[in-house]
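One letter stands for each residue in the lines below.
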Amino acid sequence: MPIFRSVSRAHALPVLPVVACSQPVSAAATRSARGRWTFFLAALALIGGDNIFAASPSTSALADLGRKIFADESLSASGRMSCATCHDPKFAHAQNNALAVQQGGANLDVPGFRAVPSLRYLNVDLPFFFAGDGTPTGGFNRDGRANTLIEQASRPFLAAHEMANGDAAGVVDKLGRASYADEFRGLFGGDVFARIDDAFLAARYALAVYEATAPELRPFSSKFDLFLKGKVKLGAQELRGFAWFNSPAKGGCAGCHPSTRASNGEPPLFTDYTYDNLGVPRNAKIPATADPDYFDFGLCGPDRSDLAARRDLCGAFKVPTLRNVATRKVVFHNGQFTSLREAIEFYVQRDTNPGKWYPLGADGAVRKFDDVPAPLARNVNTGEVPYNRRPGQAPALSELEIDDVVAFLGTLTDGYDAATDTADPARDLAQP
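Conventions and cut-offs
Every residue gets a number counted from 1 within its own chain, in the order that chain's sequence is written. pLDDT decides what is reported in this predicted model: residues at 70 or higher carry local features, side-chain atom pairs at 80 or more are listed and counted, and totals for whole chains, interfaces and linings draw on all residues regardless. Hydrogens and water molecules were not included; the side-chain quantities draw on all heavy atoms of the structure. Per the convention used, a helix needs a DSSP run of H or I reaching at least four residues, while a strand needs a run of E reaching at least two, with both numbered from the N terminus. Accessible area is worked out with a 1.4 Å probe on protein chains only. A residue is then buried under 20% of its type maximum, exposed over 50%, and partly exposed in between. Note on definitions: a residue-residue contact is assigned when non-hydrogen atoms from the two residues lie within 4.5 Å. Surface accessibility follows the Shrake-Rupley procedure with a 1.4 Å probe radius. Residue values consider only the protein chains on display as shielding. Here a Phe, Tyr or Trp ring, Trp counted by its six-membered ring, pairs with any other such ring whose centre lies within 6.5 Å, and the pair is stacked when the planes are under 30 degrees apart, edge-to-face when over 60, and tilted otherwise. The criterion for a charge sitting over a ring is simple: Lys NZ or Arg CZ within 6 Å of the ring centre, and within 35 degrees of the ring normal. Two cysteine sulfurs form what is called a disulfide whenever their separation falls within 2.5 Å. This arc corresponds to the set of directions leading from the helix axis out to the C-beta atoms. The definition of a nonpolar core used throughout is a set of buried Ala, Val, Leu, Ile, Met, Phe, Trp, Tyr and Cys residues joined through side-chain atoms within 4.5 Å. To obtain each axis, a line is fitted to C-alpha atoms, and for helices this fit is confined to the stretch in contact; angles are then taken between N-to-C directions over 0 to 180 degrees. The cut-offs work like this: below 35 degrees is roughly parallel, past 145 is roughly antiparallel, 65 to 115 is roughly perpendicular, and the gaps in between are oblique. Side-chain classes are defined by residue name, with Ala, Val, Leu, Ile, Met, Phe, Trp, Tyr, Cys and Pro counting as nonpolar, Asp, Glu, Lys and Arg as charged, and the others, Gly among them, as polar. What makes a salt bridge here is a side-chain nitrogen of Lys or Arg within 4 Å of a carboxyl oxygen of Asp or Glu, nothing more. Residues adjacent in sequence count toward polar contacts only when both atoms are side-chain atoms; beyond that, a polar contact is any pair of N or O atoms within 3.5 Å, and within protein one must be able to donate a hydrogen and the other to accept it.

A short note on the overall build of the protein chain
Part 1: A count of helices and strands for the protein chain gives 12 helices and 8 strands.
Part 2: The buried share of the protein chain, taken over its 432 residues, is 54%.
Part 3: Summarising the internal contacts of the protein chain: among those between residues at least 6 apart in sequence, 67% fall at separations of at least 24.
Part 4: A total of about 17,600 Å² of accessible surface is found on the protein chain, and carbon and sulfur atoms cover 56% of it.

Here we look at the packing of aromatic side chains
Part 1: Enumeration according to the criterion identifies 26 aromatic pairs in this entry.
Part 2: Centre to centre, the rings of Phe113 and Tyr294 are 6.2 Å apart; their planes meet at 35 degrees, and the pair counts as tilted. With Phe113 in the loop between strand E2 (110-111) and strand E3 (129-130) and Tyr294 in the loop between strand E5 (275-276) and strand E6 (317-318), this residue pair connects regions lying 181 residues apart in the sequence.
Part 3: On the basis of relative accessible area, Tyr294 is assigned to the buried category, the value being 16%.
Part 4: Ring plane angle 55 degrees and centroid distance 6.3 Å describe the contact between Phe270 and Phe408, whose orientation is recorded as tilted. Note that Phe270 is positioned in the loop between helix H10 (236-246) and E5 and Phe408 in helix H12 (residues 399-409), a separation of 138 residues in sequence. For the residue pair Phe270 and Phe408, the accessibility class agrees, reading buried in each case.
Part 5: Aromatic rings pair up to connect Phe332, Phe337, Phe346, Tyr347, Trp357, Tyr358, Phe369 and Tyr387 into one cluster.
Part 6: The ring of Trp244 has Lys250 lying over it, and the distance from NZ or CZ to the ring centre is 5.5 Å.

A look at the state of the cysteines
Part 1: All told, the structure shown has 1 disulfide when counted by the stated rule.
Part 2: Left unpaired, Cys83 is separated from the closest cysteine sulfur, that of Cys86, by 8.9 Å.

Re helix H7 (residues 181-188)
Part 1: Turning to H7, its buried residues are Ala181, Phe184, Leu187 and Phe188. Along the long axis of H7, the arc covered by the buried residues comes to 125 degrees, so they all point the same way.
Part 2: The inward-facing, buried residues of H7 contact helix H2 (59-70), helix H6 (168-176) and helix H8 (196-213).
Part 3: Count one or two residues on from H7 and you reach Gly189, which has phi positive near 115 degrees.

Quick word on the nonpolar core
Part 1: Membership of the largest hydrophobic core comes to 47 residues, with the highest contact counts inside it found for Leu65, Ile69, Phe157, Leu175, Phe184, Phe188 and Phe193.
Part 2: Among the elements that make up this core, the one with the highest residue count is H8 (12 residues).
Part 3: Counting residues in hydrophobic clusters, the runner-up holds 18 residues, among them Phe297, Val331, Phe337 and Phe346.

Some points on the packing of H2 against H8
Part 1: At their nearest, the axes of H2 and H8 sit 7 Å apart, and the two run at 105 degrees to each other. Judged by the angle between their axes, H2 and H8 are roughly perpendicular. Residues Thr59, Leu62, Ala63, Leu65, Gly66, Arg67, Ile69 and Phe70 of H2 pack against Ala203, Tyr205, Ala206, Leu207, Val209, Tyr210, Glu211 and Thr213 of H8.
Part 2: Taken together, the residues of the contact of H2 with H8 sort by class into 11 nonpolar, 3 polar and 2 charged.

Some points on the pattern of salt bridges
Once the charged atoms of two side chains with opposite charge are near each other, the side chains can pair.
Part 1: According to the stated counting rule, one finds 29 salt bridges in the structure shown.
Part 2: Arg185 is the partner of Asp182 in a salt bridge, and the nearest nitrogen-oxygen pair spans 2.7 Å. Linking Asp182 with Arg185, this pair stays in helix H7, spanning 3 residues, or about one helical turn.
Part 3: The class for Asp182 is exposed, based on a relative accessible area of 60%.
Part 4: With a closest N to O distance of 2.9 Å, Asp225 and Arg323 form a salt bridge. Here the residue Asp225 occupies a position in helix H9 (residues 223-228), and Arg323 occupies one in the loop between E6 and helix H11 (340-349), the gap between them amounting to 98 residues.
Part 5: Each of Arg114, Asp143, Arg145, Arg155, Glu162, Asp296 and Asp303 takes part in salt bridges that share partners, so that together they form one network.

Considering unusual backbone geometry
Part 1: Here the amide bond leading from Gly301 into Pro302 is cis, since omega sits at 5 degrees, within 30 degrees of zero.
Part 2: Within the secondary structure, Pro302 sits in the loop between E5 and E6.
Part 3: For the bond running from Val385 to Pro386, omega is 10 degrees, close enough to zero to count as cis.
Part 4: Looking at the secondary structure, you find Pro386 in the loop between H11 and H12.
Part 5: Backbone geometry places Leu108, a non-glycine residue, at a positive phi of 55 degrees.
Part 6: In this structure, Leu108 sits in the loop between strand E1 (103-104) and E2.
Part 7: For Asp421, which is not a glycine, the phi torsion comes out positive at approximately 55 degrees.

Description of the environment of Asn147
Part 1: Position of Asn147 among the secondary structure elements: in the loop between strand E4 (136-137) and helix H4 (149-152).
Part 2: Classification of Asn147 as buried rests on a relative accessible area of 15%.
Part 3: Asn147 sits 21 residues away from Leu126 along the chain, and the two C-alpha atoms are 7.4 Å apart.
Part 4: For Asn147, the side chain forms a polar contact with the main-chain nitrogen of Phe128, separated by 2.7 Å.

A look at the environment of Val325
Part 1: Its location among the elements puts Val325 in the loop between E6 and H11.
Part 2: Note: C-alpha distance between Val325 and Ala94 (231 residues apart in sequence) is 9.8 Å.
Part 3: The residues contacting Val325, other than those within four sequence positions of it, are Leu340 and Leu409.

Remarks on H11
Part 1: Counting buried positions over the 10 residues of H11 gives 7, a clear majority of the element.
Part 2: Looking at H11, one finds that the buried residues are Leu340, Ala343, Ile344, Glu345, Phe346, Val348 and Gln349.

Section: the environment of Gly410
Part 1: Checked against the element boundaries, Gly410 lands in the loop between H12 and strand E7 (416-417).
Part 2: Residue Gly410 is classed as partly exposed on the basis of its relative accessible area of 30%.
Part 3: Taking the C-alpha atoms as reference, Gly410 lies 8.5 Å from Lys223; in sequence the two are 187 residues apart.

Below, the structure written as structure tokens:
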């Protein structure tokens, strides 16, 4: 099964706790998300008892606490890593360097396994599910293994290659000594730090509220957003790029990165939250790849275990939003490319010029799709534009057309200033 196709979506979801989702989804997904959110509200009450909240905290109070937790380096074993270290707000909440993977641990010397995704424009209430046609959709992380922001927040605190606390008690001990500890007690109870599971859940809940509601995480402040409002015009090259992006015979990008408004009228998020297998080349800059038997299969493992038996899903990763993609220091789940233009070249030349992207084997033949074992290469998307080419054929986009698409994607960068025709995601950050 080479490809997972976009899901037809019909409704906007209610979200955690008050923000409307910017991408329409199916009725089944709506019911699922409502159930998930109801479940986690119930979990807060059941796990924390009647007094997990000292009072009924406002969304703004929870978001403010979550913002402080997000930026607090003291919550790590090293004392030098926070959520914001890898998800730098000034870089659209993505990484601020060109490393394939970041280093964490007590001494910041333990390498990770995947490049850092942006946290902007998350579809905050779309848990992982299989659509009626079998298309995997939604969830958090590049493999969708977390169903909520609350669930997703556990790993960074505990993982050995991230903040490396080891267990919830280590996190809660640090929270109890943080500068905002009294604020935390005021929201969740004077004895909250004595209730380790409650305190850890409360911290993740505050983070989830921040990530779901903070304006800087969903500013819709790009040139393209102003264009949609009729406030600015796109340049000739940007318009050409927009046309190639949407054309099913050229870039075909809109098939997975929809560029039209959602049914609720909100601007497009440029992702359908499905999964695809692009056959991205193996990145030797990830230390784990020194082991020839190591493979990152995305949906079917190794981080995600519940779909390990679904070999047809191996190699598929979540389709990311393209908003702020022009600011990315690395592209794709393994950080293989360090420029947007190179990534687009790979898209359109992967099959027409495979020798440009993949190594040669001992027999002198190109080892195409070298980051999966040969039997799983059949999972790679080879049927859709622009992947439906053969060696020697012309790529779907010419060099000039690639330049046009790069120019268009630049209009998706937040913090646009019409006076200077420049964009900077840091312009959207909330002022203390």
